[in-house]
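# Structural overview for review
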Amino acid sequence: MPGTGAVTRSTLRQQIADALRDEVLAGRLRPGRAFTVKEIAEQYGVSATPVREALVDLSAQGILEADQHRGFRVPEYSVTDYRNMIEARSLVTDGMFQALSAGHPAFRTPPADSRTTAALTTVRRRGEEASRAAAAGDLTVLIGYDLRFWRELSSLFGNPYLGDFLHRLRVQSWVCAVQHLLRLPDLRGRLWAGHTDLVDALARREADTARSIVAESNAHSLELLEHLTNG
């Protein structure tokens, strides 16, 4: 069938990118770990082309770094990097909440748009799962639900560019945070778990409260990473 090869290569490219991203987010690929296209191709039993494309994609997202003439490596992020990522994220979310204050169509009341209400219910379920994972100290599960939470929440604003940009920032900041959080032997009760509070504030159309909750989350995570770095 015409096009089958291209579709297969594209699918492999995404599968490899997803698998490597998960390895980095889980901390199984540690900071500074370097590898070549050939090494990854042999590991997955595929040709070099989709592997190279996947690695380039991950490099563009800040999950990997291209190491000229040597392949790719897992970046080593500092707390300063994390602080800058948080600042960038805050500029995006503050803009989202400002749009809410200005009467963004998805949040106009009364009456509440039924699709928005249903979407917030779904997002809240993601938040509940994220909160449970945070309380249990299950970092891998928390990251998965946190990324889905913010992806679905940002989609309510109807701007896919905004959603993609915020998702990329959150993935990159998790890559950075994981490198430091894995120093803790027990993460139970140490991770921020206020996702449902944020959804409830948005459901009430309380943009200032939502902004405060996100600021609290950012301050909490930054303080924890600074504590770990300073010993």
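This text follows the structure it describes.
Owing to the predicted nature of the structure, the values given are computational and were not obtained by experimental measurement.

The contact between helix α6 (residues 139-155) and helix α7 (residues 160-181) brings their axes to 9 Å, and the two run at 160 degrees. Put simply, α6 runs roughly antiparallel to α7. Handedness of the α6/α7 crossing: right-handed. Facing α6, whose interface residues are Leu139, Leu142, Ile143, Asp146, Leu147, Trp150, Arg151 and Ser154, α7 presents Leu162, Gly163, Asp164, Leu166, His167, Arg170, Val171, Trp174, Val178 and Leu181.

Quick look at the packing of helix α2 (residues 37-44) against helix α3 (residues 48-60) now. At a minimum axis distance of 9 Å, the contact between α2 and α3 shows a crossing angle of 120 degrees. Classified by chirality, the crossing of α3 by α2 is right-handed. Contacts from Val37, Ile40 and Ala41 in α2 reach Ala48, Val51, Arg52 and Leu55 in α3. Of the residues in the contact of α2 with α3, the class split is six nonpolar, no polar and one charged.

What counts, and at which threshold
- Residues numbered from 1 in each chain as written.
- Predicted model: local features only at pLDDT ≥ 70, side-chain atom pairs only at ≥ 80, totals over all residues.
- Heavy atoms only, no water.
- Axes fitted to C-alpha atoms, helices over the stretch in contact; angles between N-to-C directions.
- Helix = DSSP H or I, 4+ residues; strand = E, 2+ residues; numbered from the N terminus.
- Parallel < 35°, antiparallel > 145°, perpendicular 65-115°, else oblique.
- Left-handed = near helix turned anticlockwise from the far one by under 90°.
- Contact = heavy atoms within 4.5 Å.
- Nonpolar A, V, L, I, M, F, W, Y, C, P; charged D, E, K, R; others polar.

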